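Letter by letter, the chains look like this.
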Amino acid sequence: MPSTYQAQSFSTPIAYFDVLKTTATTASGKPKDQFHFTYTTAEWEASLNGVELGYGMLLALTRTTPPRSAVVTIVEPGSPAALAGLQRGDVLQSIDGVDFVYAADAASVKIINAGLFPKAQGTHTLGLSRNGVAMSLSLTAVDVSTSAVQNERIIDTPTGKVGYLTFNTHNNVAERQLVETMRRFQAAGISDLVLDVRYNGGGYLDVASELAYMIAGPQVTTGKTFEQTLFNDKTRPEAPVPFHALSQGFGGPNPLAKGTSLPSLGLKRVTLLTTGNTCSASEAIINGLRGVDVQVNLVGGTTCGKPYGFYPAPNCGTTYFAVQFQGVNAKGFGDFADGMAPTCDVADDYQHQLGDAAEGMLAAALRYRSSGSCTPATGATRLLSSMQSPADTAMRLLRPAYKEIAVMKR
């Protein structure tokens, strides 16, 4: 090992950990390991229960260099952002008096980052615009309880009922919320499902497996592999992850009892709304279902390309996330490090609320379902293929690294 990679050459364990990763690249030339990171254990464990310090909004950064552009994509109900009146589509202009769009000096960038990523509870002033009208809001960063499932809809169409839900993360609270939604869809007799994971960076693979089972049902999944984890030759192979027909009993607030029978829709076709911020465990749903011959149509953009996962390792207040395995489906496929291309390439539509049948990606999914036709994405708001696109044109969500993972529990 080169001397530069000896532990004594680094000032902290985190600095040493940061360099302990492969230099291999994908077919397109991007680093295979863009995902190696650390986080404070307290924040990581809180996030599993859906608790995050912030304002209760998710921003999409569509241009990273001046003139920067960031737009509100999700507002958590009941959060400071919601109570202040923020809406999807609002555009960020300033933070604590600093011009977010054009500021370039180090001092200004420091203020911007402090406002966007608060480290403690406190109040910041955000300037935004809505349809060209400026507004200034005072927002207090607090511990916000976030929803894994939002915007549940049953959409009546001439050819049957279509279920829709926004699915934001695979954490402890996701299990119960997904099961309750799927029970309602099952009772309503939906014939198709649109699963909106355009902003879902992943989380627990077991949650992904449960959801895939609830979509496809026992007729297709019984005895089949959802995901086989592949390790290097220094690690003992593990049993494959099945399609879970019973709840795994995650912790957190209001957990579902372990061993609860899961509902199933028995669908042979499903549509997922995706972007370059659809990562990891969300991609595992796509890959796992395709492995048992469920037709999975993707409407939106190419996914982020993360067929890898972690066993988070806490130590002295820091949790370490080193890539430890690659996942493959029942057919042995898992080579999507450059992302999964959409069936129908469509722009994100910030002018409509998520779940609105007129919203661009959902409208395209409904149209593709009924006619097989796809309207190409056009215009300045088109989402490019992934968050690894050039900095001036990629759409990347402003969220912590732990929101873009596939994790297994020991």
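Each remark here, short or long, concerns the structure printed above.
Rules behind the numbers
- Residues numbered from 1 in each chain as written.
- Predicted model: local features only at pLDDT ≥ 70, side-chain atom pairs only at ≥ 80, totals over all residues.
- Heavy atoms only, no water.
- Helix = DSSP H or I, 4+ residues; strand = E, 2+ residues; numbered from the N terminus.
- Rg over C-alpha atoms; globule rule 2.2 N^0.38 Å.
- Buried < 20%, exposed > 50% of the residue type's maximum accessible area, 1.4 Å probe, protein only.
- Areas by Shrake-Rupley, 256 points an atom, 1.4 Å probe, with all protein chains shown as cover.
- Axes fitted to C-alpha atoms, helices over the stretch in contact; angles between N-to-C directions.
- Parallel < 35°, antiparallel > 145°, perpendicular 65-115°, else oblique.
- Contact = heavy atoms within 4.5 Å.
- Pairing = 2+ DSSP bridges.
- Salt bridge = Lys/Arg side-chain N within 4 Å of Asp/Glu carboxyl O.
- Right-handed = clockwise from strand over helix to strand, strands pointing away.

Draft legend 1. Geometry of the overall build of the chain. Each helix and strand in the chain was counted, giving nine helices and 23 strands. For the chain, whose C-alpha radius of gyration is 21 Å, the value lies close to the compact-globule estimate of 22 Å for 410 residues. Each of the 410 residues in the chain was classed as buried or not, and the buried ones make up 50%. As displayed, the chain has an accessible area near 17,400 Å², and 53% of this comes from carbon and sulfur atoms.

Draft legend 2. Region of interest: the packing of helix α5 (residues 174-188) against helix α6 (residues 205-216). Running from N to C, α5 and α6 cross one another at 5°; their axes reach a closest spacing of 10 Å. By the angle between their axes, α5 is roughly parallel relative to α6. Touching Ala174, Glu175, Leu178, Val179 and Met182 of α5 are Val207, Glu210, Leu211 and Met214, all from α6.

Draft legend 3. Geometry of the sheet that holds strand β17 (residues 308-309). One open sheet holds the four strands; their spatial order is β14-β13-β20-β17, and the pairing between them is antiparallel. Here the strands that pair on one side only, and so sit at the sheet edges, are β14 (241-242) and β17. The pairing of strand β13 (residues 225-230) with strand β20 (residues 325-328) spans three bridges and is antiparallel. Counted as the bridge partner of leucine 230 is glutamine 326 from β20. On top of the sheet, α6 reaches β13, β14 and β20; it is set at about 155° to β13, its chief contact. Here helix α8 (residues 281-290) sits on the sheet in contact with β13 and β20, set at roughly 115° to β13.

Draft legend 4. Focus on the pattern of salt bridges. A full pass over the atoms with the stated rule returns eleven salt bridges. One salt bridge in this structure joins aspartate 90 and arginine 130, with 2.7 Å as the shortest N-O distance. One end of the pair, aspartate 90, is in the loop between α3 (80-83) and β5 (91-95); the other, arginine 130, is in strand β7 (residues 122-130), with 40 residues separating them in the sequence. What makes aspartate 90 buried here is its relative accessible area of 1%. Across the salt bridge formed by arginine 198 and aspartate 196, the nearest N and O atoms sit 2.9 Å from each other. Salt bridges linked by common partners bring Arg88, Asp196, Arg198, Asp348 and Glu359 together as one network.

Draft legend 5. Expanded view of the pairing of β5. In terms of strand pairing, β5 meets β7 through four bridges, oriented antiparallel. Bridged to valine 91 within β7 is serine 129.

Draft legend 6. Main features of unusual backbone geometry. Of the consecutive residues proline 66 and proline 67, the connecting peptide bond is found in the cis state with omega at -5°. With respect to the helices and strands, proline 67 occurs in the loop between β3 (57-63) and β4 (69-75). At aspartate 96, a residue that is not glycine, the phi angle is positive and equals roughly 50°. Tracing the backbone shows aspartate 96 in the loop between β5 and β6 (98-99).

Draft legend 7. Examining the pairing of strand β11 (residues 192-196) more closely. β11 sits mainly inside the fold: five of its five residues count as buried. By the alternation rule, side chains of β11 split into Asp192, Val194 and Asp196 and Leu193 and Leu195, which are all buried. Pairing analysis gives five bridges linking strand β10 (residues 160-167) to β11, with the strands arranged parallel. Across the sheet, the residue bridging to leucine 165 is leucine 195, located in β11. Once the chain exits β10 it traverses α5 before rejoining the sheet at β11, and the crossover so formed is right-handed. Bridge count for β11 against strand β15 (residues 269-274) is three bridges, and the pairing is parallel. Across the sheet, residue valine 194 finds its bridge partner in β15, namely threonine 271.

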